[in-house]
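Residue-level structure breakdown
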Amino acid sequence: VQLVESGGGLVQAGGSLRLSCAASGSTFSINAMGWYRQAPGKQRELVAAITSGGGSTNYADSVKGRFTISRDNAKNTMYLQMNSLKPEDTAVYYCNAGTFGWGTGLNDYWGQGTQVTVSS
């Protein structure tokens with residue numbers, strides 16, 4: 001499985017961005033997916049997660065009510081709509097996918113990351 005993020009950039013506080021994560025390869029094996037972020041000098045943290053069918057989502061308290069995770073399995077793409085952005089949202093955002101196969105077991109895949117910078 002290969003994951004490619006896009007949509008990052010520079011935005012003013014209060015603005016919005018939409019991140020995309022396009023999956024390719026053995027996409028049939030992808031189960032839950034999520035977005036993580038890592039700010040300079042900080043540990044990588046889970047921002048939002050979504051189940052395989054998209055029926056269940058979870059968010060970090062710091063982004064609840066502002067960010068929305070979604071996925072379009074027909075397009076093998078996951079999204080993160082980020083509204084009311086704050087300077088503390090500045091980080092590299094990573095796409096993550098969990099897969100399962102009886103021959104390959106449980107695996108974890110990461111994208112290369114996309115930079116989000118929010119100016120005050």
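We now turn to the structure provided with this report.

This part is about the sheet that holds strand β7 (residues 67-72). Reading across from one edge, β1-β3-β8-β7 is the order of the 4 strands in this open sheet, with antiparallel pairing throughout. Strands with a single pairing partner mark the edges of an open sheet, and in this sheet they are β1 (2-6) and β7. Within this sheet the neighbouring strands show an average axis-to-axis angle of 15°, counted without direction. Relative to strand β8 (residues 77-82), β7 runs antiparallel, the two sharing 6 bridges. By the bridge assignment, aspartate 72 is partnered in β8 with threonine 77.

Let us look at unusual backbone geometry. The phi torsion at asparagine 76 lies on the positive side, around 55°, for a residue other than glycine. Overall, the relative accessible area of 31% leaves asparagine 76 in the partly exposed class. For serine 84, which is not glycine, the phi torsion reads 50° and is therefore positive. Assignment of secondary structure puts serine 84 in the loop between β8 and β9 (91-101).

What follows is about the pattern of salt bridges. For side chains of opposite charge, pairing can occur when their charged atoms come near one another. Summed over all chains, the structure comprises 4 salt bridges. The partner of aspartate 89 in a salt bridge is arginine 37, with the nearest N and O atoms 2.9 Å apart. With aspartate 89 in the loop between β8 and β9 and arginine 37 in strand β4 (residues 30-38), this pair connects stretches of sequence that are 52 residues apart. This pair shows no difference in class: aspartate 89 is buried, exactly as arginine 37 is. Linking aspartate 89 and arginine 66 is a salt bridge whose minimum nitrogen-to-oxygen distance equals 2.8 Å. Linking aspartate 89 in the loop between β8 and β9 with arginine 66 in the loop between β6 (57-59) and β7, this pair joins segments that are 23 residues apart in sequence. For aspartate 89, a relative accessible area of 1% corresponds to the buried category. Within the structure, one salt-bridge network assembled from shared partners comprises Arg37, Glu45, Arg66 and Asp89.

Further remarks concern the packing of aromatic side chains. Pairs of aromatic rings are described using the distance from one ring centre to the other and the angle between the two planes. Under the counting rule described, the total for this entry stands at 2 aromatic pairs. The ring of tyrosine 79 carries arginine 18 above its face, with NZ or CZ at 4.0 Å from the centroid. The ring of tyrosine 94 has arginine 44 sitting right over it, with the charged end atom 3.7 Å from the ring centre.

Criteria and thresholds
- Residues numbered from 1 in each chain as written.
- Predicted model: local features only at pLDDT ≥ 70, side-chain atom pairs only at ≥ 80, totals over all residues.
- Heavy atoms only, no water.
- Pairing = 2+ DSSP bridges.
- Helix = DSSP H or I, 4+ residues; strand = E, 2+ residues; numbered from the N terminus.
- Axes fitted to C-alpha atoms, helices over the stretch in contact; angles between N-to-C directions.
- Buried < 20%, exposed > 50% of the residue type's maximum accessible area, 1.4 Å probe, protein only.
- Salt bridge = Lys/Arg side-chain N within 4 Å of Asp/Glu carboxyl O.
- Phe/Tyr/Trp six-rings, centres within 6.5 Å; stacked < 30°, edge-to-face > 60°.
- Lys NZ or Arg CZ within 6 Å of the ring centre and 35° of its normal.

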